[in-house]
Amino acid sequence: APPERRRAAMGYDDEFCGLSVKGQKICLGCSCCGAFAGLITFIILITNRRTLGPGQQILVRLGRWDRTGYNGPGTFQLAPFKGTEMREALRLGASQYASLRHIRTMRYVAKEGPCFEFIDPMYDLHRIGQKTRLTANEYIRVINARTGSERISRGPATFTPNVTEQGHNSTAVLAFVEGADMLTSDVALVIRDKLTGELSLATACNTPLGPVFPTPTQDVIETRRRIFIGPHEAVLLRDIDGQSTLITGMTPMTEVPGICDDDIPEQSAGGLAFFLPPLTRIVRMRWSDYSRPQESALNFTALRTPTAVSARRRRSSRSRVVREHQFSSRPRTWLVGGDFNKVENLWVNRGSGPNISRLVRAGAVTVHSTGPNAPTAQLTALLGASSTTLEFGNLIPGNAWTICSLTRYTGGAKNVVLGGPSNWAFGHYRGHAGVAWYGTNFTQSSRDAVRPDTEWVGMCGKSSGQADELAWIFEERVGRPVTRGSIRSPRRPARVYVNGDTRKSDFAIAEVVVWNKALPNSEILEVAQYFRDRLHDAASYVDQVDESEQVPSGITRNDVIKIDMRAQKSFYKFQVRTNDNVRLVIEGTIFWQIVDVPKMISATSDPEGDAWAKSRSVMLGAVSDMTWSEFLADFNQVVERAYASQQSDTFWGERGLRLISMEITGYVPLDQRTIDSLRRIVESKVDRITRLTRQRSDSDVRATRIAADIALEDNRTSLIEAQTLNARMQAETRGATEGGKKARGISVFLKNVGQAISGEAVQPVQLYEENLRLRSLENQTQKLFNGQARVFLKPNATNVTLTLPHDTPRAPPRRLNKPSQSPATGLPAAGASMAPVAASGAAGAASAAAHVLEL
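Residues numbered from 1 in each chain as written. Predicted model: local features only at pLDDT ≥ 70, side-chain atom pairs only at ≥ 80, totals over all residues. Heavy atoms only, no water.

**Section: the packing of helix α10 (residues 672–756) against helix α11 (residues 764–785)**
Inference 1: Interaxial distance between α10 and α11 falls to 9 Å at its minimum, and their mutual angle equals 125°. Classified by the angle their axes make, α10 and α11 are oblique. For the element pair α10 and α11, the recorded crossing hand is right-handed. Only Pro764, Val765, Leu767, Tyr768 and Asn771 of α11 make contact with α10, whose side of the interface consists of Ile746, Phe749, Leu750, Val753 and Gly754.
Inference 2: In terms of residue class, the contact of α10 with α11 is made up of eight nonpolar, two polar and no charged. (Axes fitted to C-alpha atoms, helices over the stretch in contact; angles between N-to-C directions. Helix = DSSP H or I, 4+ residues; strand = E, 2+ residues; numbered from the N terminus. Parallel < 35°, antiparallel > 145°, perpendicular 65-115°, else oblique. Left-handed = near helix turned anticlockwise from the far one by under 90°. Contact = heavy atoms within 4.5 Å. Nonpolar A, V, L, I, M, F, W, Y, C, P; charged D, E, K, R; others polar.)

Next up, the structure:
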């Protein structure tokens, strides 16, 4: 169909609202565009409308260095086409702080909690950290990273650092909290001024007692205890200029350094106490030790052949701390600087493992006392340059291990000291002291943990434990805390070396100690204290005798710090020959004394050894002037001659010594013939003594037996005398008893009879005699009738007449007196005597007996 019909059919009109078809098209297009623009605007407005909840904030960037913000809750229409950022309000607890940074000036401000607020739109949140709580004895040293200035924040307080401040030698806030050193009457502090380098001694004289907080320009580098000197002791001090000062117990206190005026008493009985001044050390002497008795001469056979003395002295560590220390767990490897044998290129191992052979592979090493500067420790160590290569081999053989070392930088080349393959380093790394790098950093590695970096670093590391326990610098844990993931396991190096790769250093190694296990923290602290003791010993004392001095082997030496001016005793034992060539080993004692300390110090470095050697030569001369028989007769003459010869000898006076006495306590011959002869003499003397003793014993036995017999006879005589005396006393007692009874009976009889026959012619005594006669006859008659009587008849003298009693009439008995009777009972009255009745009865019985038998 034509176009017109089609338009008409579709409802188009050639003219609409006075618009042509073309105009209609334009109008329709504009309407569509307006509607689309409105839709876009609506969408833009809707998308820039934000609803914020409580604690929400939206930032709108208005320019490169400008922005605004809206804080919830609420609904906000934002300007379109502006950058926005949603963030939460700042919420801090009481122990937290926030660091904010201005986007335009890049300045930092700190916001302390507790708080809940919106951050200014012009600031960004840099970090949220924990505040550091400081007690009364703690402080923090902080360094401003922008200006380099330091400040000290003391406790008790809560410390909030700025972002530009970082902890001293650390990036973690908690790592640089330091405890204030306590100043007491017996403890002083050595303080170093970091601007001038001067050292000062803080004591109770110039500083109040209690915790000492250093200023930002000061460092407390050492604590020193008061040194006590007795009235009989002396100490030699040496300063940095080499000047020596002798302090004795009788030195005036005004001349002693380190003593306050308030400590000086008006009167002193001797003895004093003082602090060791800075840059001053005590001179430590090494004397031969003969104060212990040697093996008895009776068992001494080694001197029969002289002992050869090695011409080459084996170098060994002379440190008293090393000699006396024992670890709780024995290490596999314990290498001490003084034990290195340069001739054999061998480092002697004090542990349970093998020695380190072929140690030096390139360059040269020396064994010498070394330290960074005067006030710090001068340790005997293995020194090498960057051209020196040391190979320890498989120093850490197992997967469980602990390694501790005492090392330091010595020159300009500063990288790794103890290293291994795969970037393994321990103690030092890339010029920083106090870093552990076991393939990756297990400590901070951007700064020195020990300052200055040439100072000794006592470091320990182990294979397992908490993250902060994997590395230690002395007593401080310096392991990096793990913020995410699991604890990393330190990697063991296949071998350990020094300067074995491109990481070169000038180094000094004092000690290396390795265990085949991960030590507990208590034992690591023990190792740290051991390292501290070594440094303190080396910092406080300086040896009088140089290491290069040749010391004969087999002689024990002791460290002498305080010189004892009292009498001392030394034992000796050596071989001598008499005038007749008899070899002997004699032993004894020498008593000597130091009387002039300055002379002794200037004349000798070993007074005890000199006294022993001089006494030995004198005794040798005295014995050689005597024969064997003279020696046996009286060996005290040897002592007398030797002692007399020393009274005028100037040897002792030149050395400030005095010989008090000499003694011989034993001797033994060495020749077999002399021994046999002496044995025979001894045997004869012993036999004589035995026989004398036996004879004396026999005499004593006989004398004892005679004395016993005499004592026995004396006892028998005493017994007889006692028995006789007892018998006589018994008889006297018995007679006295029976006589008393008879006397009392007679007395009663006479009294009663006398009362009964008073007035009659008969006397009571006559009646008593008659009574006795009648009793006797009655007794005879009774025995006769009982058959107890015996009659002996003789043939030539027998005239017996028997008259029977019944053939003769018996006369009635005669009563002398009738006693009174009791009217009641008819019995005799009380007090009436029965004697007459008895008498009449007895008379009748006697009469009857007379009729029966008549002799």
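Now that the structure has been shown, the text picks up again.
**Comments concerning the sheet that holds strand β48 (residues 583–594)**
Inference 1: The sheet built from three strands is open, its strands ordered β47-β48-β49 with antiparallel pairing. Each having just a single partner strand, β47 (568–577) and β49 (657–669) make up the two edges of the open sheet. When the angles between neighbouring strand axes are averaged without regard to direction, this sheet yields 25°.
Inference 2: Pairing analysis gives 10 bridges linking β47 to β48, with the strands arranged antiparallel. Residue serine 570 lies in a different strand from β48, and its bridge partner there is isoleucine 590. (Pairing = 2+ DSSP bridges.)

**Some details on the pattern of salt bridges**
Inference 1: Throughout the structure, instances matching the rule amount to 27 salt bridges.
Inference 2: For the salt bridge of arginine 224 with glutamate 222, the shortest nitrogen-to-oxygen distance reads 3.3 Å.
Inference 3: A relative accessible area of 14% means that glutamate 222 is categorised as buried.
Inference 4: Among the salt bridges present, the one from arginine 534 reaches glutamate 511, with a minimum N-O distance of 2.8 Å. Here arginine 534 is found in helix α4 (residues 521–540), whereas its partner glutamate 511 is found in strand β43 (residues 507–515), with 23 residues between them in sequence. The same class applies to arginine 534 as to glutamate 511, namely buried.
Inference 5: By sharing partners, the salt bridges in this structure join Arg141, Glu150, Lys194 and Asp219 into a single network. (Salt bridge = Lys/Arg side-chain N within 4 Å of Asp/Glu carboxyl O. Buried < 20%, exposed > 50% of the residue type's maximum accessible area, 1.4 Å probe, protein only.)

**Structural notes on the packing of helix α6 (residues 607–624) against helix α8 (residues 636–646)**
Inference 1: The interhelical angle for the contact between α6 and α8, taken along N-to-C directions, is 125°, at an axis separation of 9 Å. Here α8 runs oblique to α6, going by the angle between their axes. Crossing of α6 over α8 shows right-handed handedness. Note on element contacts: α8 touches α6 through Val638, Arg641, Ala642, Ser645 and Gln646, opposite Lys614, Val618, Met619, Ala622 and Val623.

**Let's talk about the sheet that holds strand β29 (residues 346–347)**
Inference 1: With antiparallel pairing, three strands are arranged side by side in an open sheet as β28-β29-β30. For this open sheet the edge positions go to β28 (340–341) and β30 (356–357), each flanked by a neighbour on one side alone.
Inference 2: Across two bridges, the pairing between β28 and β29 is antiparallel. By the bridge assignment for β29, asparagine 341 is matched with leucine 346.

**Some words on the state of the cysteines**
Inference 1: One pass over the structure, following the stated rule, counts one disulfide.
Inference 2: Each sulfur of the disulfide joining cysteine 404 and cysteine 460 lies 2.1 Å from the other. An S-S torsion of about 115° defines the bridge between cysteine 404 and cysteine 460 as right-handed. Within this pair, whereas cysteine 404 is found in strand β35 (residues 402–409), its partner cysteine 460 is found in strand β39 (residues 457–462), the two being separated by 56 residues in sequence. For the pair shown, cysteine 404 and cysteine 460 are each scored as buried. (Disulfide = S-S within 2.5 Å.)

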